[in-house]
Amino acid sequence: MAEPAGYSIKTYRYLRMAMVAMVVLLGAALVIEWSKTDPRCLQTSISAYYYTPVQAIFVGALISIGLCMVVLKGNTEREDILLNVAGILAPAVALVPTPGQGACRSVPVVLGDTAANIANNMLALFVVGAPCLLVTAVFVLRAHLSRSDRNPMYLLGFAVALAIFGGGIAWFFLDREGFTENAHYAAAVVMFVCIIAVVLLNAKQFRRKEEPADTRSVPANRYSVIALGMVVVPLVMLAWKALFGWQHAVLWIEGVLITLFAIFWILQTQELWNEGLRDGGQELPRSQAVPSPFLSSSSE
């Protein structure tokens, strides 16, 4: 794979695997922290582990995952927009902690002034985000003005990113208290909705790839099973919480969604190991293909 295209495919693979590594890293940090407390003592959400020794990995992993989501190209423009939105919101989930600190931690954590941390870190994020959006606008407008690459979805994607960024800045400066109290929840909910939507889109796309001649049937596939789990399991847990009360419902919902997304990401990486993108991607010649580490020797 000496050609530039080969190196691009390698970079694509490394970024995808880096996201899985970040999820495993976060999971390991959570388990290590839990092992140092009473087994029955759990924070009420993964986000509440911000107030434990997990804090550094929690913040770093979310920012890294968010960056990978923005950088990686989705199979379609809709998928790309959803990944970009989730990626834009991930740093906000990391930098604006949930107000509930919980009581389960292995050691006391000195947090300092949380409001000051949010003010500093979010302002830094906005300072970096503004020129990134400006550069994106140049590329989008250049593509839109090009007769050979005119796609209204480019404008839609940029408009969505601009709306989120502009809305976040307005909320931050006009209602700082409300932002501090609620921005975490707002960003987390939208981020997870986008992630679920990505899996749903892939279930539909994979069906078309496998059975292009019969668009009326909806054969089950691995992505549809994951998508079903991401929709049904949280709803069942929320119903259980409403009926019987469950202090740790959010913790388990987050855990299930993150685990299922990691499984989806591994399966999608395996599927697209040589293609890069499902729609419009160029498969590498067999002589240049690199075996996927997720494939067994029989499937290679």
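Residues numbered from 1 in each chain as written. Predicted model: local features only at pLDDT ≥ 70, side-chain atom pairs only at ≥ 80, totals over all residues. Heavy atoms only, no water.

## Some details on the overall build of the protein chain
For clarity, the cut-off: Note on conventions: DSSP H or I runs of at least 4 residues are helices, E runs of at least 2 residues are strands, and numbering of each starts at the N terminus. Think of it in three bands: residues with accessible area under 20% of the maximum for their type are buried, residues over 50% are exposed, and the middle band is partly exposed, with areas taken using a 1.4 Å probe on protein chains only. The accessible surface values rely on the Shrake-Rupley method and a 1.4 Å probe; as for residues, cover is taken only from the protein chains in view.
Looking only at helices and strands, one finds 8 helices and 0 strands in the protein chain. The buried share of the protein chain, taken over its 300 residues, is 40%. When the accessible surface of the protein chain is totalled, it reaches about 16000 Å², and 68% of it is carbon and sulfur.

## A closer look at the confidence of the model for the protein chain
Applicable threshold: Note on scores: pLDDT gives the predictor's confidence for each residue, bounded by 0 and 100. Contact between two residues is taken to exist if any of their heavy atoms lie within 4.5 Å; hydrogens are not considered.
Across the protein chain, the average pLDDT comes to 85, with 85% of residues at 70 or higher. Note on residues 280–290: pLDDT under 50 across the span, and 19 contacts to partners over four residues away in sequence or across chains.

## Section: the packing of aromatic side chains
Counted only if it meets this: Ring geometry is summarised as follows: Phe, Tyr and Trp rings, the Trp one being its six-membered ring, pair when their centres sit within 6.5 Å, and such pairs are stacked at plane angles under 30 degrees, edge-to-face over 60 and tilted between the two. For a Lys NZ or an Arg CZ to count as sitting over a ring, it must be within 6 Å of the ring centre and within 35 degrees of the ring normal.
In this structure the tally under the stated criterion is 13 aromatic pairs. Between the aromatic rings of Phe172 and Phe179, the centroid separation amounts to 5.4 Å while the plane-to-plane angle is 85 degrees, which identifies the pairing as edge-to-face. The burial state of Phe172 is the same as that of Phe179; both residues are buried. Between Tyr223 and Phe264, the ring centres sit 5.4 Å apart and the planes meet at 70 degrees, which makes this aromatic pair edge-to-face. On the criterion of sequence distance, the pair formed by Tyr223 in helix 7 (residues 222–244) and Phe264 in helix 8 (residues 249–271) is long-range, its members being 41 residues apart. The residues Tyr223 and Phe264 share a single accessibility class, namely buried. Each residue in the set Phe126, Phe165, Trp171, Phe172, Phe173 and Phe179 is aromatic and connected to the rest through ring pairs, giving one cluster. Cation over ring: Arg16 sits above Trp265, and NZ or CZ is 4.0 Å from the ring centre.

## Focus: the layout of surface pockets
What counts here: Residues are said to line a cavity or pocket when one of their atoms sits within 4 Å of a point; the points come from a 1 Å grid over protein atoms alone, cavities being sets where a 1.4 Å probe fits but cannot get out and pockets being open sets with protein on both sides within 12 Å along at least five of seven lines. Grid points are joined across faces, edges and corners, and a volume is the space filled by probe spheres set on the points. Residues are grouped as follows: nonpolar covers Ala, Val, Leu, Ile, Met, Phe, Trp, Tyr, Cys and Pro; charged covers Asp, Glu, Lys and Arg; every other residue, Gly included, is treated as polar.
Approximately 1300 Å³ is the volume found for the largest pocket. Contributing to the lining of the largest pocket are 44 residues, with Val70, Asn84, Ile88, Leu133 and Ala161 lying nearest its centre. Elements that contribute at least two residues to the lining of the largest pocket include exactly helix 2 (55–71), helix 3 (77–95), helix 4 (114–145), helix 5 (152–174) and helix 6 (176–210). Split into classes, the residues belonging to the lining of the largest pocket amount to 33 nonpolar, 8 polar and 3 charged.

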